[in-house]
Amino acid sequence: MHTLLDLRGNLPVYIHLTDASVHDVKALDTLCIEMGAIYLLDKGYVDFFRLFNHIHKNGAFFVTRAKDNMLYEVVESRGSDPEAGIISDETIKLTGVKPSKCYPEALRMVTYEDFATGKVYRFLTNHLGYEALTIAELYRERWNVELFFKWIKQHLHIKSFYGTSENAVYTQIWIAVCSFLILALAKKKLGLEQSLYTISQTLGFVLFEKVPINQLFNKNQNSVSTDEYPNLFSIN
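Here the structure is a predicted model, which means the values were calculated and not measured.

Chemist: Just to check I follow, could you spell out the overall build of the protein for this structure?
Modeler: Across its full length, the protein holds 8 helices and 8 strands. Every one of the 236 residues in the protein was classed for burial, and the buried ones make up 39%. At a minimum sequence separation of 6, the contacts of the protein that also span at least 24 residues come to 47%.

Chemist: Help me understand the nonpolar core in this model?
Modeler: Note on soluble globular proteins: their nonpolar side chains tend to be buried together. Of all hydrophobic cores here, the largest spans 19 residues; its most connected members are Tyr39, Leu41, Ile55, Phe62 and Met70. Elements supplying a minimum of two residues to this core: helix 2 (48–57), strand 6 (86–94) and strand 7 (107–114). Of the residues forming this core, the biggest block, 3 residues, is contributed by helix 2. With residues near it in sequence (within four places) discarded, Ile55 still touches Ile33, Tyr39, Leu41, Ala60, Phe61 and Phe62. Core analysis: the second largest hydrophobic core is formed by 14 residues, Leu11, Leu183, Leu196 and Ile199 among them.

Chemist: Before we go on, may I ask you to explain the sheet that holds strand 3 (residues 38–40) in this structure?
Modeler: By way of backbone hydrogen bonds, the strands of a sheet pair with one another, either parallel or antiparallel. Taken in spatial order, the 6 strands line up as 3-4-8-7-6-5 in an open sheet, and their pairing is mixed. Where the open sheet ends on each side, the last strands, each with one partner, are strand 3 and strand 5 (72–77). Pairs of neighbouring strands in the sheet enclose a mean axial angle of 30 degrees, with direction left out of account. Relative to strand 7, helix 4 (residues 132–140) is tilted by about 75 degrees, and along the sheet it contacts strand 3, strand 4 (61–65), strand 6, strand 7 and strand 8 (119–125).

Chemist: It is not clear to me how the pattern of salt bridges should be interpreted in this structure. Could you clarify?
Modeler: One pass over the structure, following the stated rule, counts 2 salt bridges. Its salt-bridge partner being Asp89, residue Arg78 comes within 3.5 Å of it at the nearest N-O pair. In this pair, Arg78 sits in the loop between strand 5 and strand 6 while Asp89 sits in strand 6, placing the two residues 11 residues apart along the sequence. Note on Asp89: relative accessible area 6%, which makes it buried.

Chemist: Help me out: how do you make sense of helix 6 (residues 166–189) in this one?
Modeler: Residues that lie three or four places apart on an α-helix share one face, since the helix turns once every 3.6 residues. Under the 1.5 Å per step criterion, the end-to-end length of helix 6 is 34 Å for 24 residues, consistent within 8% with the ideal 34 Å. Of the positions making up helix 6, those classed as buried are Val169, Gln172, Ile173, Ala176, Val177, Phe180, Leu183, Ala184 and Ala186. Of the residues trailing helix 6, Gly191 is marked for its positive phi of about 65 degrees.

Chemist: Got a minute to help me understand the packing of helix 6 against helix 7 (residues 196–205) in this structure?
Modeler: Packed helices, taken two at a time, are described by the angle their axes make and the gap between the axes. Interhelical geometry of helix 6 versus helix 7 gives an angle of 105 degrees and a closest axis separation of 10 Å. Put simply, helix 6 runs roughly perpendicular to helix 7. Within the contact between the two elements, helix 6 uses Phe180, Leu183, Ala184 and Lys187 and helix 7 uses Leu196, Ile199, Ser200 and Leu203.

Chemist: Could you clarify how one ought to interpret the side chain of Glu90 in this entry?
Modeler: The residue Glu90 is located in strand 6 in this model. No salt bridge is formed by the buried Glu90; its nearest oppositely charged neighbour, Arg122, is found at 7.5 Å. Once you skip the residues sitting within four places of it in the chain, Glu90 turns out to touch Val74, Glu76, Ser77, Arg78, Leu107, Arg108 and Met109.

Chemist: So what exactly am I meant to see when it comes to the packing of aromatic side chains here?
Modeler: How two aromatic rings sit relative to each other is set out by the distance from centre to centre and by the angle between their planes. Scanning all chains against the criterion turns up 5 aromatic pairs. On the numbers, 6.2 Å between centres and 75 degrees between planes, the contact of Phe62 with Tyr103 is edge-to-face. Pair noted here: Phe62 is in strand 4 and Tyr103 is in the loop between helix 3 (97–102) and strand 7, with a separation of 41 residues, a long-range link. A relative accessible area of 0% means that Tyr103 is categorised as buried. On the numbers, 5.2 Å between centres and 45 degrees between planes, the contact of Phe123 with Tyr139 is tilted. With Phe123 in strand 8 and Tyr139 in helix 4, the pair connects residues that are 16 residues apart, well separated along the chain. Exposure class is identical for Phe123 and Tyr139. Each is buried. Here a set of aromatic residues connected by ring pairs shows up, and it is made of Tyr112, Tyr121, Phe123 and Tyr139.

Chemist: What should I look at first to understand helix 7 in this one?
Modeler: Burial in helix 7 covers these residues: Leu196, Ile199, Ser200 and Leu203. With its buried residues spanning 95 degrees around the axis, helix 7 presents them on a single face.

Chemist: What am I meant to see in the environment of Leu133 here?
Modeler: One can find Leu133 in helix 4. The spatial distance from the C-alpha of Leu133 to the C-alpha of Ala84 is 7.1 Å, given a sequence separation of 49 residues. When sequence neighbours within four positions are dropped, the list of residues in contact with Leu133 reads Ala84, Ile86 and Tyr112.

Rules of the game
- Residues numbered from 1 in each chain as written.
- Predicted model: local features only at pLDDT ≥ 70, side-chain atom pairs only at ≥ 80, totals over all residues.
- Heavy atoms only, no water.
- Helix = DSSP H or I, 4+ residues; strand = E, 2+ residues; numbered from the N terminus.
- Buried < 20%, exposed > 50% of the residue type's maximum accessible area, 1.4 Å probe, protein only.
- Contact = heavy atoms within 4.5 Å.
- Core = buried A, V, L, I, M, F, W, Y, C linked by side-chain atoms within 4.5 Å.
- Pairing = 2+ DSSP bridges.
- Axes fitted to C-alpha atoms, helices over the stretch in contact; angles between N-to-C directions.
- Salt bridge = Lys/Arg side-chain N within 4 Å of Asp/Glu carboxyl O.
- Expected span 1.5 Å × (residues − 1).
- Parallel < 35°, antiparallel > 145°, perpendicular 65-115°, else oblique.
- Lys, Arg positive; Asp, Glu negative; His and termini not counted.
- Phe/Tyr/Trp six-rings, centres within 6.5 Å; stacked < 30°, edge-to-face > 60°.
- Arc of directions from axis to C-beta.

Structural data, given as structure tokens:
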């Protein structure tokens, strides 16, 4: 399951289901890149030709972690800020035979130390405008994707599958995703303060009762706006 999450609302805007034999990068070959958007990718997507080049040529940006065996040369040093954890901020060019041909453009590499864990990370990006610390903080937001999967598995009951065929597995996953989006839509549109888990648990007890959701959570039905609901799934 390959998911693109809009971090402004932590909602999936793109989901692609494949079997385990399909590599992560290949699964995103058909991804529609939005100009100006910033894509946060883990190291599994480090493919300068198939994905990074695609993002860069479409006027968008990416932030990811550098692999340990990446070959490069430093073109320019952009300074450091040890107090903020920024060990170095450099402009680099790839020197590996294939990477340098596939992605000849300059890259930015931010080396950052997480004081909480003592770990050092190297972040790659084609965004030259943000502060180095912002690049590191942006990548931290990628954890929301993991939290999304964790929520789906824990609260929408995908700990086990009822069928073993491809159609049965895909159907159960899509039902869970649709349930998540409906809950998120209800929470936003009705202005509910309860968590998605609390809302899902409450609705589970009254599935066959004709009770307005507002009344279940002591909301005044007249306070809900009748304006057309804005698009939840726009990308950065």
